[in-house]
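Reading the structure
Residues per chain are reported as follows:
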Amino acid sequence: MRRSFADSLPVLVFLFLSAAGWEIGTTIFDIPHYIIPKLSDVMVSIGDNGRLLGKHFAITLGEALLGLGISAVVGTLAAVWIESSGLAKKTIYPLIVASQTIPIIALSPIMVMWFGYELGSKVAVVILFTFFPIAVNTADGFRSADPDIGEWMRTVGANKRQLFLKWKIPSALPGFFTGLKMAAAISVGGATLGEWLGGESGLGMYTKRSSNMLRGEAVFSGVLLLSVMGIALFLAVQWAERAVLAHRRSQKNKRF
């Protein structure tokens, strides 16, 4: 616990100084509330609208998790296909990379036209944001597998299934989790953008409506909660990564 606290101390100090600077700076320079509200006003807004914000928070979180989950499955399957097929490696992988030259925000309205203003369009936008890092990092993880280990396994009689399960997948896990952490952090942005383009609920819609009414403290409260959501999703994936990789290392040590 002491080590964990010591590791977290710089972050906590930075957050405290940032919060103090925010509150003091807006007071000294008398910044209008619709530009940068006081931090205390933002916290009051969160307290006063807690139930409403909780409802919108749950909706945005659900959209982000659903899109992230679909991207994790489809992105992993795409990476497996790229790894197992030379044709896919030469065609699908470059297309996935090339797709990132198209601004995602330009594709988002198309998702609204295809899926309407309901849940589907928000999830589709999240998938647009999160599919690429998962697919590419997992595919790169497969490619990083140590060829010497693969050759040794072949010499002792391992078949293709055993090579894939015991050599390729363990080698791809770090890349998969790297992509998943990146995707978790940006999934919130995808859900928010989907709500901005068309929706009636969610923190994205809440901040948009508040902005139209020049309610700076409400806008910042929504943004603050979105930031907390993104950090929480990232930390959840990081915890899963540590648990999975620690279990993998423990199983490896038992075998030796």
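Residues numbered from 1 in each chain as written. Predicted model: local features only at pLDDT ≥ 70, side-chain atom pairs only at ≥ 80, totals over all residues. Heavy atoms only, no water.

Digging into the overall build of the protein chain
Which entries qualify depends on this criterion: A run of DSSP states H or I qualifies as a helix once it reaches four residues; a run of E qualifies as a strand once it reaches two. Both are numbered from the N-terminal end. Exposed residues in this analysis have more than 50% of their type's maximum accessible area, buried residues have under 20%, and partly exposed residues fall in between, with area computed by a 1.4 Å probe over protein chains only. By definition in these notes, contact holds between two residues if any of their heavy atoms fall within 4.5 Å. Note on areas: these come from Shrake-Rupley sampling with a 1.4 Å probe, and a residue is covered only by the protein chains present in the view. When charges are counted, Lys and Arg contribute as positive and Asp and Glu as negative, whereas His and the chain ends are disregarded. Each charge is placed at NZ for Lys, CZ for Arg, CG for Asp and CD for Glu.
Check the secondary structure of the protein chain and you find ten helices and zero strands. Listed N to C, the secondary structure of the protein chain is α-α-α-α-α-α-α-α-α-α in terms of helices and strands. Across its three principal axes, the protein chain shows a C-alpha extent of roughly 75 × 55 × 30 Å. Put simply, the protein chain has 256 residues, and 36% of those count as buried. Considering only contacts within the protein chain whose residues lie at least 6 apart along the sequence, 72% involve residues at least 24 apart. A total of about 15200 Å² of accessible surface is found on the protein chain, and carbon and sulfur atoms cover 69% of it. In the protein chain, 24 positive and 16 negative side-chain charges are present, and the distance between their average locations comes to 12 Å.

Side note on a nonpolar patch on the surface
Applicable threshold: Patch members must show over 30% relative accessible area and no salt bridge, and they are joined within 9 Å when carrying like charges or within 5 Å when they are nonpolar side chains of Val, Leu, Ile, Met, Phe, Trp or Tyr. Just to be clear on terms, a salt bridge is a Lys or Arg side-chain nitrogen sitting within 4 Å of an Asp or Glu carboxyl oxygen.
A surface patch of nonpolar side chains, amounting to about 510 Å² of accessible area, comprises Leu66, Ile70, Val73, Val74, Leu77 and Leu119. Here the element with the most residues in the nonpolar patch is helix α3 (residues 50–84); it accounts for five residues. Turning to its location among the elements, leucine 119 is positioned in helix α6 (residues 119–143).

Focus: the UniProt feature "transmembrane region" (unreviewed entry) in the protein chain
Heads up, the condition is: UniProt positions are given in the numbering used here, feature names are shortened, and annotations may be inferred rather than shown by experiment.
On the UniProt side, "transmembrane region" (unreviewed entry) is annotated at positions that read residues 12–36, 56–80, 92–117, 123–142, 176–198 and 218–240 here. Secondary structure over residues 123–142 splits into 100% helix and 0% strand, and the C-alpha atoms at its two ends are 27 Å apart. Taken end to end, residues 218–240 comprises 100% helix and 0% strand; its first and last C-alpha atoms sit 33 Å apart.

Quick word on the nonpolar core
Short version of the rule: By convention a nonpolar core is built from buried Ala, Val, Leu, Ile, Met, Phe, Trp, Tyr and Cys residues, the set being connected through side-chain atoms within 4.5 Å.
The biggest cluster of nonpolar side chains holds 23 residues, and the ones touching the most others in it are Leu53, Leu68, Ile134, Leu180, Leu203 and Leu233. Residue assignment for this core shows that the elements contributing at least two residues are α2 (39–48), α3, α6, α8 (160–197), α9 (203–212) and α10 (216–255). Among the elements that take part in this core, α8 stands out by supplying seven residues, more than any other. Apart from the residues lying within four places of it in its own chain, the contact partners of leucine 53 are Ser45, Ile46, Leu203, Tyr206, Ser221 and Leu225. Counting eight residues, the second-largest nonpolar core is a separate cluster that includes Tyr93, Ala139, Phe142 and Ala172.

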